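Summary of structural features
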Amino acid sequence: MTEDPDAETAAVAERYGRFARDEAPGRSDLYADWARGVAADPDLAAILARIPATRRQPPLVFAVTRMLGAPEEGYPAWAAWLRVHADEAVAEASARRLQTNEPQRCAALLPALATVPGPIALLEVGASAGLCLYPDRYSYRYHGGGGVTALDPADGPSTVMLDCDVTGDPSLEMPQVVWRAGIDLDPLDAADAGDRRFLTSLVWPGEVGRAARIGAALDIVAADPPLLLAGDASDPEVLRTAAALAPAGATLVVTTPGVLPHIPRAGRERLIDAVRKLDAVWITIDPPGLHERWNGAVDPGTWGGFVLGRDGEPLAAVDPLGGFVHWRAWHPGGMDAAS
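Residues numbered from 1 in each chain as written. Predicted model: local features only at pLDDT ≥ 70, side-chain atom pairs only at ≥ 80, totals over all residues. Heavy atoms only, no water.

A few words on helix α1 (residues 5–23). Look at α1: 26 Å from first C-alpha to last across 19 residues, which is about the 27 Å you get at 1.5 Å a residue. Of the positions making up α1, those classed as buried are E8, T9, V12, Y16, G17, F19 and A20. Turning to α1, the residues buried within the fold contact α2 (29–39), α3 (42–48) and α4 (58–67). (Helix = DSSP H or I, 4+ residues; strand = E, 2+ residues; numbered from the N terminus. Expected span 1.5 Å × (residues − 1). Buried < 20%, exposed > 50% of the residue type's maximum accessible area, 1.4 Å probe, protein only. Contact = heavy atoms within 4.5 Å.)

This paragraph deals with the pattern of salt bridges. Considering all chains together, one arrives at 21 salt bridges under this definition. Close ionic contact of E92 with R96 constitutes a salt bridge, the shortest N to O distance being 2.9 Å. Owing to a relative accessible area of 23%, E92 belongs among the partly exposed residues under this scheme. Assessed through its relative accessible area of 13%, R96 is described here as buried. Between D136 and R180 there is a salt bridge, with its nearest N and O atoms 2.8 Å apart. Of the two residues, D136 is situated in the loop between β1 (120–125) and β2 (139–144) and R180 in strand β5 (residues 177–184); the sequence distance between them amounts to 44 residues. In this pair, the class of D136 matches that of R180, namely buried. (Salt bridge = Lys/Arg side-chain N within 4 Å of Asp/Glu carboxyl O.)

So, about the pairing of strand β3 (residues 147–151). In this sheet, β3 lies alongside β2 in antiparallel orientation, the contact comprising 5 bridges. Paired with Y140 across the strands is L151, a residue of β3. The turn linking β2 back onto β3 is made up of 2 residues, and G145 within it adopts a positive phi angle of 65°. (Pairing = 2+ DSSP bridges.)

All right, on to empty space enclosed by the protein then. With the rule as written, the count across this model stands at 1 cavity of 30 Å³ or more. The computed volume of the largest cavity comes to approximately 30 Å³. If you go around the largest cavity, the residues you meet are L48, I51, V61, V64, T65, L82, A89, V90 and A93. Elements with a minimum of two residues in the lining of the largest cavity: α4 and α6 (86–95). A class-by-class count of the residues in the lining of the largest cavity yields 8 nonpolar, 1 polar and no charged. (1 Å grid on protein atoms, 1.4 Å probe; cavity = no way out; pocket = protein on both sides within 12 Å on 5 of 7 lines; lining within 4 Å. Points joined across faces, edges and corners; volume = space filled by probe spheres on them. Nonpolar A, V, L, I, M, F, W, Y, C, P; charged D, E, K, R; others polar.)

With that settled, consider the side chain of D195. As for its position among the elements, D195 is in helix α8 (residues 193–201). Judged by relative accessible area, which is 12%, D195 ranks as buried. Each residue touching D195, except ones within four places of it in the same chain, is listed here: R96, L188 and D189.

Quick look at the packing of α4 against α8 now. The axes of two packed helices give the description: the angle between them and the distance between them. One way to put it is that α4 packs onto α8 with a least axis distance of 8 Å and a crossing angle of 130°. As judged from the angle between their axes, α4 and α8 are oblique. Taken as a pair, α4 and α8 cross one another with a handedness that is right-handed. Residues L60, A63, V64, R66 and M67 of α4 lie in contact with α8, whose contacting residues are G194, R197, F198 and S201. Partitioned by chemical class, the residues of the contact of α4 with α8 number 5 nonpolar, 2 polar and 2 charged. (Axes fitted to C-alpha atoms, helices over the stretch in contact; angles between N-to-C directions. Parallel < 35°, antiparallel > 145°, perpendicular 65-115°, else oblique. Left-handed = near helix turned anticlockwise from the far one by under 90°.)

For the rest of this paragraph, the subject is helix α9 (residues 210–223). The periodicity of an α-helix, 3.6 residues per turn, causes residues three or four positions apart to be oriented the same way. Compared with an ideal rise of 1.5 Å per residue, which puts 14 residues at 20 Å, α9 spans 20 Å between its outermost C-alpha atoms and is within 8% of the ideal. Next to the buried residues of α9 lie β4 (161–167) and α8.

What follows deals with the sheet that holds strand β11 (residues 324–327). Taking strand neighbours across the sheet as the criterion, the 11 strands line up as β3-β2-β4-β11-β10-β9-β8-β7-β1-β5-β6 in an open arrangement whose pairing is mixed. Single-partner strands in this sheet number two, and they are β3 and β6 (227–230). Between one strand axis and the next, the sheet turns by 25° as a mean value, whatever way the strands run. The pairing of strand β10 (residues 313–318) with β11 spans 3 bridges and is classified as antiparallel. Each residue of the ladder has a partner; that of A316, found in β11, is W327.

Quick look at unusual backbone geometry now. A cis geometry characterises the amide bond from G118 onward to P119, with omega recorded as 0°. Looking at where P119 falls in the secondary structure, it is placed in the loop between α7 (106–113) and β1. Phi at S128 takes a positive value of approximately 55°, unusual for a residue other than glycine. Residue position: S128 is located in the loop between β1 and β2.

On to the layout of surface pockets, then. Which parts of space are left empty comes out when a probe the size of a water molecule is rolled across the atoms. Here the largest pocket defines a volume of roughly 1400 Å³. Taken together, 43 residues form the lining of the largest pocket, with L98, T100, G258, V259 and H262 sitting closest to its centre. Of all the elements in the fold, those that place two or more residues in the lining of the largest pocket are α1, α4, β1, β5 and α11 (265–277). A per-class count over the lining of the largest pocket returns 19 nonpolar, 12 polar and 12 charged.

Nothing here speaks to function; it is all geometry.
Set out below in structure tokens:
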């Protein structure tokens, strides 16, 4: 059935209007301005309607235009650029996916990784360029209890410094990672100039420090690349094949930090079941209401963040991008019910 161009244009206008109203405020004034402009400009909305519906999210489209050279100025200047470069922007956005790869997330993962005796073989689902596969190569400063807990790699402070607020009493120790691999539908190459430019362009204007942090992490990854496998990890065979590559003598740890909400429910359930059948520790960061696997210990209305979990047991409320950890577990296998 042929798509209705008018309906697609209207859908773009509605989506960008919602983004301007509900998602961009407080995070990026420039993106809010661009999205409001698209919502009120049928000609621009019609250009963006040429992008497949699954690839026309405002953060993705805006990142692609900035990557291609659009001016980071008010809507009139950005719209004028897009009208001239419409074909290029549509083609590039149609070939890309939202692949935010934030190394700061390792600050939220590390307390869970610290519960796993090393050596660790680390396998990430939805790895993008693999920046979250290097928790042992970054420096951390955990702020809480009136003091700071400092963690650095064995060879000294890293060029990537991650600050994180912490409450509770988690273990804060560097993991011993001896093997690292990732699965992604479209893996990115930390050494490729185009992929690097794309990842840094995914940082929203106004987010101070993120682009520099991602750039420094990309340098670390490019110097010692992980094994990145192209595939759909919701196919159990893809996950099993990747897991089988882990070295003997290391504890396999599968991480799904923030990826599960982006997988349709049927595929998500297949993936969770496949992970549980592996001889592996499973560490994830999920929205509290994503699935009913928290044994009644998580109330989405009062949890206060995403859920850092190990093997389906909630450990902490965390900022999904690693800004805070509120530890709530007595130990890796249980919760402090009074917290």
